[in-house]
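Observations on chain architecture
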Amino acid sequence: MCTWERVDFAVKDGYVVGLGDYQGKQEYDLAGAYVVPGLIDAHVHIESSLLTPPEYARLVLARGTTTVIADPHEIANVCGAPGIEYLLAEAARTPLDILMMLPSCVPATPLDAGGAVLTAEDLVRFRGREEVIGLAEVMNVPGVLTGEPDLRAKMDLFEIIDGHAPLLSGRDLNAYIYAGVQSDHECTTFAEAREKLLRGMYIMIREGSTEQNLRDLLPLVDACTAARCCFATDDRHADMLAREGHIDDCIRKAVACGLEVEQALRMATLSAAGRFGLHDRGAIAPGRLADFCVVDDPDRFRVARTFKCGVEVVDTGYRPPACPAAPLRVRVPEPGDIRITGRGEARVIGIVPGQIVTRDLRYMVDATAIPDTDRDILKAVVTDRYRAGGSGVGLVQGFGLHEGALAGSVSHDSHNIVAVGVDDGEIIRAIGEVVRLGGGLVVVSGDDVTTLPLECAGLMSALPHEEVVGRLGALEEHARRLGAVENPFMYLSFLALTVIPEVRVTERGVFDVRAFEDVPLFL
């Protein structure tokens, strides 16, 4: 039961001793302020913030978050097991509890070729560590349904298993759950979330930079279901964390949509703790960790102070991080490498505003008329970053560019270099700039170049979060002048994600997610 109680509480050795009349060696007078348990993010890729763990922690601790359930899937695809070790080591440098779910699918599909392959044997070395609590999003749905041996061996390592099954329904959903998957954060419609909830899954209601599902899924939550629902940010850039917040933002948005604040708070604390068996947190109660935050008013929900294990969190400032070695082995494409030929009905990747799903659009296209800015059909290029291989080319609608090009080394899940642009020469130039930086995000137009270096595996910046936010702002402003959609780099990063319907582009070319195979650009 979530309720408010006007009472003192006592803390000793990082835990809540009790509620009532206590005297302590050190006492805080909160003057009747509201105190809530530390907030919990049920599923996040820290790498997607573009920050290293300590800088990420500086941002979210100030927003009342004291625990995140992180999937190091992104850096594992680039660096393998050493990438996981890197995140664990950096996580230990912050008071934020960063608990890891080991990546289940590196690479994401058998067709993908990233920087590493992790087998069940590779994951065994991490099992039993205090910070490792389960297996992260099992995105190889066909592998689950067919009983692929190595995937089954990974699932047998852990009792807690997260899912990743966008649009899965019916008997295939039953089989997926029967295999041991317990949760999903990929629901985009109420009907999808309701079916999965009724089949026994935990539902993580996601609100990221482009994965904005909260408004559509919130009607699922009531007094009966709140225990099975929690919040997740999944992929949220540093600028959104700084501007709008973290789980506190999810709470505010939920309340604004009509959810009772007590239910929103339960989802952000006790429900998330219960999903992962974290019975030492999620409530202000005897025997629980003294993780809590002080807020001005529950409905406004502005966090004034955060306490971790009973100690007020004070920002100690930026400390330079270590960066893992992840050199780019890239053959920057030449004009002939990204030229397309043909005429007829073509597959075009349709960007869906506020979502990471795409639409398989069909347009009559003449390759010599691309870019087609009147219909907003542009060229998308993915270049192999690991083996100096080739580049794949597709078409995309929804970026809005009328000049210039964007490129980046953040490209889920394999993290090859991805680019979109109006001019082949500027696409090639942008890719070359990413390589020159050793990884990063780039906007080019004419003589203007705006960059954010991502020297940590091509995924994260070694800069302080304040500077990362500033550079993201400069990238967004430059892209906006070129006509780009809001958050263009988050949409760009998902163009190559082969486990989210409907159609994508990889270094091999166009990929049909539903058919689970490479397909030609022209039908």
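This structure is a prediction, so every number in the text was calculated from the model and none was measured.

With that settled, the discussion passes to the pattern of salt bridges. Within the structure shown, the criterion is met by 41 salt bridges. Close ionic contact of Arg243 with Glu244 constitutes a salt bridge, the shortest N to O distance being 3.4 Å. Look at Glu244 and you get partly exposed, because its relative accessible area is 26%. Where salt bridges share partners, they join Glu207, Arg236, Arg243, Glu244, Asp249 and Lys253 into one cluster.

What follows is about the sheet that holds strand β16 (residues 358-366). Within a beta sheet, neighbouring strands are joined by backbone hydrogen bonds and run either parallel or antiparallel to one another. Overall, mixed pairing links the eight strands, which are arranged β16-β15-β18-β17-β20-β19-β21-β22 in an open sheet. If you trace the sheet from one side to the other, it starts and ends with β16 and β22 (448-453), each paired once. Across the sheet, the mean angle separating the axes of adjacent strands is 25° when strand polarity is ignored. Where strand β17 (residues 377-383) lies against strand β20 (residues 417-421), five bridges are found, and the strand directions are antiparallel. Counterpart to Lys379 in the pairing with β20 is Gly421. The strands touched by helix α14 (residues 424-437) within the sheet are β17, β19 (405-408), β20, β21 (440-445) and β22, with β21 carrying the most contacts at an inclination of about 145°. In the packing of helix α15 (residues 465-481) onto the sheet, contacts are made with β19, β21 and β22, and the angle to β22 comes to roughly 145°.

Counting buried positions along strand β4 (residues 39-44) gives six out of six residues, so the element sits mostly inside the fold. Both β4 and strand β5 (residues 65-70) contribute to a ladder of four bridges, which runs parallel. What sits directly across from Asp41, in β5, is Val68. In this fold, the crossover linking β4 to β5 by way of helix α1 (residues 53-61) has right-handed handedness.

A few words on the state of the cysteines. Summed over all chains, the structure comprises one disulfide. In this model, Cys323 is linked to Cys456 through a disulfide, with the two sulfur atoms separated by 2.3 Å. Here Cys323, found in the loop between β14 (311-312) and β15 (343-351), pairs with Cys456, found in the loop between β22 and α15; they are 133 residues apart in sequence, far enough to count as distant. For Cys323, a relative accessible area of 35% puts it in the partly exposed group. Residue Cys456 is classed as buried on the basis of its relative accessible area, which comes to 0%. Cysteine Cys309 remains unbridged, with the sulfur of Cys293 as its closest cysteine sulfur at 14 Å.

Parameters and conventions
Residues numbered from 1 in each chain as written. Predicted model: local features only at pLDDT ≥ 70, side-chain atom pairs only at ≥ 80, totals over all residues. Heavy atoms only, no water. Salt bridge = Lys/Arg side-chain N within 4 Å of Asp/Glu carboxyl O. Buried < 20%, exposed > 50% of the residue type's maximum accessible area, 1.4 Å probe, protein only. Pairing = 2+ DSSP bridges. Helix = DSSP H or I, 4+ residues; strand = E, 2+ residues; numbered from the N terminus. Axes fitted to C-alpha atoms, helices over the stretch in contact; angles between N-to-C directions. Contact = heavy atoms within 4.5 Å. Right-handed = clockwise from strand over helix to strand, strands pointing away. Disulfide = S-S within 2.5 Å.

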